[in-house]
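Reading the structure
Spelled out from the first residue to the last, the chains are:
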Amino acid sequence: MSVNQYKKIVVLTGAGVSAESGIRTFRDKDGLWEKYKLEDVASVDGYKKNPDLVLDFYNKRRQDFCRKEIKPNAAHYALVELEQQFSGEFLLVTQNIDNLHEQAGSKNVIHMHGELLKARCPESNQVIQCTDDQSRDDLCTCCQYPSALRPHIVWFGEMPLGLDIIYHHLSQADLFIAIGTSGTVYPAAGFVEEAKSVGAYSIELNLDPSEIHSHFDQVVQGKATELVPKLVSSLLNGA
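Residues numbered from 1 in each chain as written. Predicted model: local features only at pLDDT ≥ 70, side-chain atom pairs only at ≥ 80, totals over all residues. Heavy atoms only, no water.

**A short note on the sheet that holds strand S7 (residues 175-179)**
The test is simple: When DSSP locates at least two bridges between a pair of strands, those strands are taken to pair. Per the convention used, a helix needs a DSSP run of H or I reaching at least four residues, while a strand needs a run of E reaching at least two, with both numbered from the N terminus. Angular values range over 0 to 180 degrees, each being the angle between N-to-C directions of two axes fitted as lines to C-alpha atoms, with helices fitted over their stretch in contact.
With respect to topology, 6 strands assemble into an open sheet ordered S3-S2-S1-S7-S8-S9, the strand pairing being parallel. Sheet topology places strand S3 (109-111) and strand S9 (218-221) at the edges, where each strand pairs with a single neighbour. Geometrically, the sheet is characterised by an average inter-axis angle of 15° between neighbouring strands, direction not taken into account.

See the structure below:
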């Protein structure tokens, strides 16, 4: 397998990539967030009901992420190398809300579920950087009557970001790679079928087989930090 045989690569990453950098997820057992119900902190209704609880939840996640030991890992850096060395079009789509891909050096990234270190105006959708704790006193500067900024996170029931661009690239992809994803969250779980419908070769790299692993042409189990560099080396060196 050589990268030279492909013209457009789409990569999807999930929690399994960030987990090896120490990022705790919603579903971690005995994790930092086990006392929260997802519908209370990851839905529009939950935010309307108790905005302080939701803001506190994401403030804690932001604090957790900003720990100095949280850094990109070998999988992040391998994807940067693939993007830099590939002569065709490359798109990295991530379900993760951290910026570890960007820290590593990735350029063409879509955060389909939003970004933890950003906030947005609920009226204009203008997005701003947000690295400190957020409160209801934080107002936008884009509206005549300023609105309270909300986390720039896609909650349950909301439309993921960048879908038009993602589906455009999937419709032309000839290689689709999913890394560290559960295959349970749509529309991302359906990306492999979108890519395969136009003839793309599909690869899943995961610690355990995803819910949709049978849809892939190739499935490899193991840690992302080991599998991604190995795959990228194989692609770039034609091994």
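On we go.
**What to know about the side chain of Asp98**
Rules: Summary of the burial criterion: residues with accessible area below 20% of their type's maximum are buried, those above 50% are exposed, and those between are partly exposed, where the area comes from a 1.4 Å probe applied to protein chains only. Note on charges: Lys and Arg go in the positive column, Asp and Glu in the negative column, and His and the chain ends are not counted at all. A side-chain nitrogen of Lys or Arg and a carboxyl oxygen of Asp or Glu constitute a salt bridge if their distance falls within 4 Å. For the purposes of these results, a polar contact is taken to be a pair of N or O atoms within 3.5 Å, where, inside protein, one atom must be able to donate a hydrogen and its partner to accept one; residues adjacent in sequence count only when each atom of the pair is a side-chain atom. Contacts are assigned to residue pairs with any non-hydrogen atoms lying within 4.5 Å of each other.
Tracing the backbone shows Asp98 in the loop between strand S2 (89-94) and helix H6 (100-104). Buried charge without a salt bridge: Asp98, with Arg61 as the nearest opposite-charge side chain at an N-O distance of 7.0 Å. In this structure the side chain of Asp98 is engaged in a polar contact, spanning 2.5 Å, whose partner is the side chain of Ser18. Side-chain polar atoms of Asp98 contact the backbone nitrogen of Leu100, separated by 3.0 Å. Here Asp98 is in contact with Ser18, Ile23, Phe65 and His111, once residues within four sequence places are set aside.

**Focus on the pattern of salt bridges**
Scanning the entire structure with this criterion turns up 7 salt bridges. Of the charged contacts, one joins Asp52 and Arg136 as a salt bridge, the two residues approaching to 2.9 Å between their closest N and O atoms. Highlighted residues: Asp52 in helix H4 (residues 51-65) and Arg136 in the loop between strand S5 (127-129) and strand S6 (150-153), separated in sequence by 84 residues. A residue is classified by how much of its surface remains accessible, and Arg136, at 46% relative accessible area, is partly exposed. Among the ionic pairs, Lys118 bridges to Glu115, the shortest N-O distance being 3.1 Å. Assessed through its relative accessible area of 16%, Glu115 is described here as buried.

**Notes on the packing of helix H5 (residues 74-85) against helix H9 (residues 224-237)**
Just so we agree on the cut-off: Every angle not falling under 35 degrees, over 145, or within 65 to 115 is termed oblique; those three ranges are roughly parallel, roughly antiparallel and roughly perpendicular. Each crossing is labelled by how the near helix is turned from the far one, with a counterclockwise turn of less than a right angle marking it left-handed and a clockwise turn marking it right-handed.
Where H5 meets H9, the axes come as close as 7 Å, and the angle between the chain directions of the two elements is 20°. As far as their axial angle goes, H9 and H5 are roughly parallel. The interaxial crossing formed by H5 with H9 has left-handed handedness. Where H5 abuts H9, its residues Ala74, Ala75, Ala78, Leu79, Glu81, Leu82 and Gln85 lie against Ala224, Thr225, Val228, Pro229, Val232, Leu235 and Leu236.

**Some details on the side chain of His101**
Tracing the sequence through the fold places His101 in helix H6. Looking at His101, the relative accessible area reads 1%, which means it is buried. There is a polar contact of 2.9 Å between the side chain of His101 and the side chain of Thr13. For His101, the residues in contact, after removing those within four places along its chain, are Thr13, Val17, His76, Leu79, Val80, Leu92, Thr94 and Ser106.

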